[in-house]
Amino acid sequence: MRNLMLVMVILFSTSIVFTSCRETTTTTKEVRVETIESKGAIERAGEKVDSKVNEEIDKTIDKIDSEE
């Protein structure tokens, strides 16, 4: 009887220890405020590519004009 009581106490104490160590989850909300002036990464990259392409086009046009 004493062994049974000891086993029950040990099981109870281990169950309390394991359940009290559980990590609680917290939810956070991320708020993002965008203004009209702010541009995204894709827009900025597109503008850079567009300017580089325009420079190459201008160089090619100048080369064609100089050959004539």
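In this text, all values refer to a predicted model and were calculated from it rather than measured experimentally. Counting from 1, residues in each chain are numbered in the order their sequence is written. Under the rules for a predicted model, residues below a pLDDT of 70 receive no local features and side-chain atom pairs below 80 are neither given nor counted, while totals for whole chains, interfaces and linings still include all residues. As a convention, hydrogens and water are excluded, and side-chain values are obtained from all of the structure's heavy atoms.

Some thoughts on a nonpolar patch on the surface
Exposure above 30% relative accessible area and the lack of any salt bridge qualify a residue for a patch; like charges then connect within 9 Å, and the nonpolar side chains Val, Leu, Ile, Met, Phe, Trp and Tyr within 5 Å. Working definition of accessibility: Shrake-Rupley area with a 1.4 Å probe, residue cover restricted to the visible protein chains. Here, a salt bridge means any side-chain nitrogen of Lys or Arg that lies within 4 Å of a carboxyl oxygen of Asp or Glu. Residues Met1, Leu4, Met5, Met8 and Val9 make up a contiguous nonpolar surface patch of roughly 600 Å² in combined accessible area. Helix and strand labels come from DSSP, where a helix needs a run of H or I of at least four residues and a strand needs a run of E of at least two; each type is numbered from the N terminus. Residue placement: Met5 occurs in helix H1 (residues 2–20).

Notes on the pattern of salt bridges
Two side chains with opposite charge may pair up if their charged atoms get near one another. Under the counting rule described, the total for this entry stands at one salt bridge. A salt bridge links Lys59 to Glu56, with the nearest nitrogen and oxygen atoms 4.0 Å apart. Of this pair, Lys59 and Glu56 both sit in helix H2 (residues 41–67), three residues apart, which is roughly one turn of that helix. Here the term buried applies to any residue with accessible area under 20% of the maximum for its type, exposed to any over 50%, and partly exposed to those in between, with areas from a 1.4 Å probe on protein chains only. With a relative accessible area of 47%, Glu56 lands in the partly exposed category.

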